[in-house]
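Analysis of the macromolecular model
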Amino acid sequence: MTDDRPTDPGARKPRVALMGEFSAGKSTLANLLLGQNSSPVQVTATQLPPVWYQLGAPGAQRVGTDGSATPLPAEDWTAVSPEDTRMILARLDADILQACDLIDLPGTSDPNMAPDFWDAFLPKVDLAIWCTPANQAWRQSEAALWEQVPPQLWTKSLLLITRIDKMQGERDRARVVARVRAEAGALFRDVLPISLTGALAGRDNDEVLEATGAAALVRFLCHALEGLEPPAPVQAPRPATPGSATIRTAPPPSAGAGTEPRIVPRRITRRKSPDARPRPEHRQA
Ligand SMILES: Nc1nc2c(ncn2[C@@H]2O[C@H](COP(=O)(O)OP(=O)(O)OP(=O)(O)O)[C@@H](O)[C@H]2O)c(=O)[nH]1
Ligand SMILES: [Mg+2]
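These remarks concern the structure in this document. Here the structure is a predicted model, which means the values were calculated and not measured.

Topic: the overall build of the protein
Looking only at helices and strands, the protein features 7 helices and 9 strands. Looking at the protein residue by residue over its 285 residues, the buried ones come to 53%. In the protein, once contacts between residues fewer than 6 apart in sequence are set aside, the share between residues at least 24 apart is 72%. Just so you have it, the protein exposes about 12600 Å², and 51% of that area is on carbon and sulfur atoms.

Concerning the side chain of Ser195
Relative to the helices and strands, Ser195 is located in the loop between β9 (190–193) and α5 (196–201). A polar atom in the side chain of Ser195 sits 3.0 Å from the backbone nitrogen of Gly198. Filtering out sequence-adjacent residues up to four positions away, Ser195 remains in contact with Ile164, Asp165 and Thr212.

Some words on unusual backbone geometry
Even without a glycine there, the phi angle at Ser23 is positive, about 60 degrees. Note that Ser23 resides in the loop between β1 (15–20) and α1 (26–34). The exposure class assigned to Ser23 is partly exposed, which follows from its relative accessible area of 26%. Positive phi is not limited to glycine here, since Arg163 has a value of about 55 degrees. Inspection of the secondary structure assignment puts Arg163 in the loop between β8 (158–162) and α4 (169–184).

Here we look at α4
An α-helical segment advances 3.6 residues per turn. Residues three or four places apart therefore align on the same side. Spanning 16 residues, α4 covers 23 Å between terminal C-alpha atoms, matching the ideal 22 Å at 1.5 Å per step. Buried residues of α4: Val176, Val177, Val180 and Ala184, and no others. One face of α4 carries all of its buried residues, which in axial projection span an arc of 95 degrees. Exposed residues on α4 whose side chains face more than 90 degrees from its buried face are Glu170, Arg171 and Ala182. Of the surrounding secondary structure, the elements contacted by the buried residues of α4 are β8 and β9.

Here is what the cut-offs are and how they apply
- Starting afresh in each chain, residues are numbered from 1 along the sequence in its written order.
- Chain letters and ligand numbers both follow the written order, the letters beginning at A and the numbers at 1.
- Residues qualify for local features only when their pLDDT is at least 70, as the model is predicted, and side-chain atom pairs are given and counted only at 80 or more; totals for whole chains, interfaces and linings, by contrast, use all residues.
- The basis for every side-chain value is the complete set of heavy atoms in the structure, and neither hydrogens nor water enter the calculation.
- For helices the rule is a DSSP run of H or I covering at least 4 residues; for strands it is a run of E covering at least 2, with both sets numbered from the N terminus onward.
- Relative accessibility decides the category of a residue: with a 1.4 Å probe and only protein chains considered, values under 20% of the type maximum give buried, values over 50% give exposed, and everything between is partly exposed.
- The criterion used for residue contact is that any of the two residues' heavy atoms lie within 4.5 Å.
- Computed with the Shrake-Rupley method and a 1.4 Å probe, the accessible areas treat only the protein chains shown as cover for residues.
- Polar contact is defined as a pair of N or O atoms within 3.5 Å, subject to the rule that within protein one atom must be able to donate a hydrogen and the other to accept it, and that residues adjacent in sequence are counted only when both atoms are side-chain atoms.
- To estimate how far a helix should reach, multiply one less than its number of residues by 1.5 Å.
- Working definition: the arc comes from the directions between the helix axis and the C-beta atoms, pointing outward to the latter.

So this is what it looks like as structure tokens:
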């Protein structure tokens, strides 16, 4: 990926990259944050180029390695060849995209990615959320790659321990979080556990969002995005009250609601825009 998205620097929003090894939960996290099932999720490794999400009328483009852009029908995503595709540029009406762009990346060891991809891409990122699955959290290969990212990312980024629901009991959960904090805590702004599938299943329920770790994730994003200094003015997300997980980037729905953008989560919205693209093939574990 050698170009900047979007091309108009005045419209630039903070860029949040969802990173990690194969099947770590990056696309599940993207769908949770977007409030809609957009990124393909499957048990085995997904053969997809990076998907760059921006706020806009729903639609997608395939951007080739030669820079060409072609419209991409929703059902074609899984057929896109990563070898000659720089990225899928997906525009969606999702609340979080008012505050930042989200980039759902392939696994960090994906052989389809050009050798210089990460060197070219990482300097364009403002904040990363690195997903590491609880049952094999923070492997040497992950540490080796993260140590090579631009150090300014270390103090802004989040290490997210996914699949925490796969740990048997509170003691095992606490143990894995403590170990990862000890090993990697200094290289991240924070380390948080989450059950992504649990949060998706109960995303209309505040207690579930709190129990699964999704509420803590949203609180992290609120504070982290607020602290970023974007290159162009954007409406920074701001918690409604101290400690609240609400991301507020526009007026809340009130009088005349329905036309105003509704702003998210505490509750990570399940709202779909009427013409949002249909779900690509999804297979949940
Ligand atoms: N139980 C459980 N399963 C999860 C969690 N997060 C993701 N999964 C499952 O893990 C599998 C892989 O998830 P994806 O979101 O596709 O992972 P990914 O990192 O995008 O994978 P690639 O794009 O192929 O590198 C899917 O079957 C998800 O349902 C979690 O927190 N708990
Ligand atoms: Mg994925």
